[in-house]
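# Descriptive structure summary
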Amino acid sequence: VAGGSGTLLNVVTALLRRKDRLREWHKVPIGFIPLGYRNGLASKILSQEYESRSEQIGRSVIACLEGRSQPVDVMELATEEGKRVYAMEDVLWGPLVEGTLVANRYWLLGPLRGFFGFLRHAFKLATNEEIGIYRNGREENSELSAFAISAKNGFLELKSWNKIESKFDFAKFGAKQTTYQSPADFLDNQTGTNLSSVSIRPIRDARYWYYIDGEEFEPFPVEIKILKNKLNFFTDK
């Protein structure tokens, strides 16, 4: 698979939606060449972070040729209608996530892009929007400005940011951001909760989209669970 996180999302989803998806797909190694803007899987299957994109691509090609592989967890997102999407990296939601995406469009403003982008987005904030996160049938939190769910060490790791009420505080939050590599970099230092499954329920006025491996999806009720060692990828480890 040559592309970024979105391309990989589409390939993995198509593969695991097949009628014979219950077969042992983990025995079929997959090669991944990171050519996109987001390439989160590369950090899992390569032995180190490479500063040069060309070096990262070269090591990925060599990994395919050497033939070593490793199992990788997959996240399954299932709707109430039975439709499924399979993700390799993360599921993001919230005004802070979208604020970061807006700020990225103003890269010419340099260090001011965070404040300007978040300030502009603040006037579009849906202050009455809520989303419910449920574990074992019990609601965990609905007053959030962002959450991120990712596959980590055989579990789903949930990180969240509490609701920011003031539009000015929202803009100040943007001004403090120093990196925009991922729309959820600001959650990196938050303590995560490990789960085997979690339910997400938009409560009302769902205006913010899910970002699943960087791709936009309408906010729908969804059950997310971890599929341990579901697929096999070539690695240089």
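Data block above holds the structure.
Below is a summary of the structure that appears in this document. Counting of residues starts from 1 at the beginning of each chain's written sequence and follows it residue by residue. Thresholds applied to this predicted model are a pLDDT of at least 70 for local features of residues and 80 or more for the giving and counting of side-chain atom pairs; totals over whole chains, interfaces and linings are not thresholded and use all residues. Values reported for side chains reflect all heavy atoms of the structure, with hydrogen atoms and water molecules removed beforehand.

With respect to the helices, strands and loops of the structure, D236 is situated in the segment after β15 (222–234). Whether a residue is buried, partly exposed or exposed follows from its accessible area with a 1.4 Å probe, protein chains only, as a fraction of its type maximum: under 20%, in between, or over 50%, in that order. Looking at D236, the relative accessible area reads 7%, which means it is buried. Pairing of N or O atoms within 3.5 Å defines a polar contact, subject to two protein rules: one partner must be a possible hydrogen donor and the other a possible acceptor, and residues neighboring in sequence count only if both atoms are side-chain atoms. For D236, the side chain forms a polar contact with the main-chain nitrogen of S47, separated by 2.7 Å. Apart from the residues within four sequence positions on either side, D236 is in contact with I45, L46, S47, Y50, R59, A63 and R68. Numbering of helices and strands starts at the N terminus; helices are DSSP runs of H or I of at least 4 residues and strands are runs of E of at least 2. Contacts are assigned to residue pairs that have any heavy atoms within 4.5 Å of one another.

Only the six-membered ring of Trp is used, alongside the rings of Phe and Tyr, when aromatic pairs are assigned; centres must lie within 6.5 Å, and planes under 30 degrees apart are stacked while those over 60 apart are edge-to-face, with the rest tilted. On inspection of all chains with the given rule, the structure shows two aromatic pairs. Ring centres 5.8 Å apart and planes at 20° place the aromatic pair W93 and F147 in the stacked group. Residue W93 is found in strand β6 (residues 90–93), and its partner F147 is found in strand β9 (residues 144–152); the two are separated by 54 residues along the sequence. F147 matches W93 in its accessibility class, with the two residues each being buried. For a Lys NZ or an Arg CZ to count as sitting over a ring, it must be within 6 Å of the ring centre and within 35 degrees of the ring normal. The side chain of K228 reaches across the aromatic face of F155, ending 5.1 Å from its centre.

Strand order in the open sheet formed by six strands is β11-β10-β9-β6-β13-β14, and the pairing between neighbours is antiparallel. Each edge of the open sheet carries a strand with a single partner, namely β11 (193–195) and β14 (215–217). Each strand axis lies, on average, 25° off the axis of its neighbour in the sheet, ignoring direction. Taken together, the three bridges between strand β13 (residues 210–212) and β14 define a ladder with antiparallel strand orientation. The residue of β14 that forms the bridge with I212 is E215. By this definition, two strands are paired if DSSP reports at least two bridges between them. Only C-alpha atoms enter the line fits that serve as axes; for helices the fit covers just the stretch in contact. Angles between N-to-C directions range over 0 to 180 degrees.

With that settled, consider the packing of helix α4 (residues 95–104) against helix α5 (residues 113–122). Two quantities define a packed helix pair, namely the angle between the axes and the distance from one axis to the other. As a packed pair, α4 and α5 sit with axes 8 Å apart at the nearest point and diverge in direction by 125°. On the basis of their axis angle, the class for α4 and α5 is oblique. Of the two elements, α4 crosses α5, and the hand of that crossing is right-handed. Counting all contacts with α4, which are made through P95, L96, E98, G99, T100, V102, A103 and N104, the residues of α5 involved are R113, G114, G117, F118 and H121. Throughout this entry, Asp, Glu, Lys and Arg are counted as charged residues, while Ala, Val, Leu, Ile, Met, Phe, Trp, Tyr, Cys and Pro are counted as nonpolar. The remaining residues, Gly among them, count as polar. Its residues assigned to classes, the contact of α4 with α5 shows five nonpolar, six polar and two charged. Working definition: roughly parallel below 35 degrees, roughly antiparallel above 145 degrees, roughly perpendicular at 65 to 115 degrees, and oblique for all remaining angles. The sense of a crossing depends on the near helix, which, turned anticlockwise from the far helix by less than a right angle, makes the crossing left-handed and, turned clockwise, makes it right-handed.

This part takes up the nonpolar core. Membership of the largest hydrophobic core comes to 23 residues, with the highest contact counts inside it found for M75, F147, I149, I200 and I224. Residue assignment for this core shows that the elements contributing at least two residues are β4 (69–79), β5 (84–87), β6, β9, β10 (155–162), β12 (197–204), β13 and β15. Among the elements that make up this core, the one with the highest residue count is β9 (four residues). I224 has contacts with M75, E76, L77, V91, I149, L156, S196, S197, V198 and I200, leaving out every residue within four places of it along the chain. Nonpolar cores were defined as sets of buried Ala, Val, Leu, Ile, Met, Phe, Trp, Tyr and Cys residues, with membership established by side-chain atoms within 4.5 Å. Membership of the second largest hydrophobic core comes to 18 residues, among which are L16, Y50, Y86 and M88.

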